[in-house]
Amino acid sequence: MARDTDGGCVDFVADCRLRLGTDLFTHVWDPVVLAALTAGPRRRRALRASIGGISDKALTEALHRLVTNGLTERLSYAEAPPRVDYALTPLGRSFADGPMRALAEWITRYGDELFEAQERMRRASA
């Protein structure tokens, strides 16, 4: 594995930090769940209700990945009945406010061009 002096990767090997970062976008629901949590901590049921089309299984898997990656945290409260909230960690907030916001700005600016390119290719292959 070749690394440059800044700790990045010269070659795109499996443990490259660039791959680590792009993996955060590869799961369809992970960025959506993060975006839903930017408003503040939420209970699982409220989180699912705010995300249209996500199944319970997909939400469970996304929350597990996000907690494992340190982007969200599971907050348990000793109440009756027990209460669990999910919230962004500082790392999750930096991801939501950094790369996710940059992607949102990019797609807002270039989304029409992207859609038009896809439509051209779809028509050309039809």
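Above this note sits the structure.
Below, the structure is looked at part by part.

Conventions adopted
- Residues numbered from 1 in each chain as written.
- Predicted model: local features only at pLDDT ≥ 70, side-chain atom pairs only at ≥ 80, totals over all residues.
- Heavy atoms only, no water.
- Helix = DSSP H or I, 4+ residues; strand = E, 2+ residues; numbered from the N terminus.
- Buried < 20%, exposed > 50% of the residue type's maximum accessible area, 1.4 Å probe, protein only.
- Contact = heavy atoms within 4.5 Å.
- Areas by Shrake-Rupley, 256 points an atom, 1.4 Å probe, with all protein chains shown as cover.
- Core = buried A, V, L, I, M, F, W, Y, C linked by side-chain atoms within 4.5 Å.
- Salt bridge = Lys/Arg side-chain N within 4 Å of Asp/Glu carboxyl O.
- Expected span 1.5 Å × (residues − 1).
- Bend = angle between axes of the 7 residues up to and from the residue.

When its secondary structure is counted, the protein shows five helices and three strands. Written out in order from the N terminus, the α and β elements of the protein read α-α-β-α-α-β-β-α. By the burial criterion, 24% of the 126 residues in the protein qualify as buried. For the protein, restricting intrachain contacts to residue pairs at least 6 apart in sequence, the fraction spanning at least 24 positions comes to 38%. On the protein, roughly 8700 Å² of surface is accessible, and the fraction owed to carbon and sulfur atoms is 57%.

This next bit is on the nonpolar core. If you look at the biggest cluster of nonpolar residues, it comprises 19 residues, and the most contacted ones within it are Val33, Leu34 and Leu47. Counting only elements with at least two residues in this core, the list comes to helix 2 (30–37), helix 4 (56–68), strand 3 (83–88) and helix 5 (90–125). Here the element with the most residues in this core is helix 4; it accounts for five residues. Filtering out sequence-adjacent residues up to four positions away, leucine 47 remains in contact with Val33, Ala36, Leu37, Arg42, Leu59 and Leu63.

This part covers the pattern of salt bridges. Taken as a whole, this structure holds eight salt bridges when the rule is applied. Residue aspartate 56 pairs with arginine 44 through a salt bridge whose shortest N-O separation is 2.6 Å. Placement of the pair is aspartate 56 in helix 4 and arginine 44 in helix 3 (residues 44–50), with a sequence separation of 12 residues. One salt bridge connects glutamate 79 with arginine 83, and the closest N-O pair in it is separated by 3.2 Å. Salt bridges sharing common partners tie together Glu79, Arg83 and Asp85.

End to end, helix 5 covers just 45 Å across 36 residues, shorter than the expected 52 Å (1.5 Å per residue, more than 12% under). Most pronounced at tyrosine 110, the bend in helix 5 amounts to some 65°. Burial in helix 5 covers these residues: Gly92, Phe95, Ala96, Met100 and Gly111. Buried residues along helix 5 sit in contact with helix 1 (17–26), helix 2 and strand 3.

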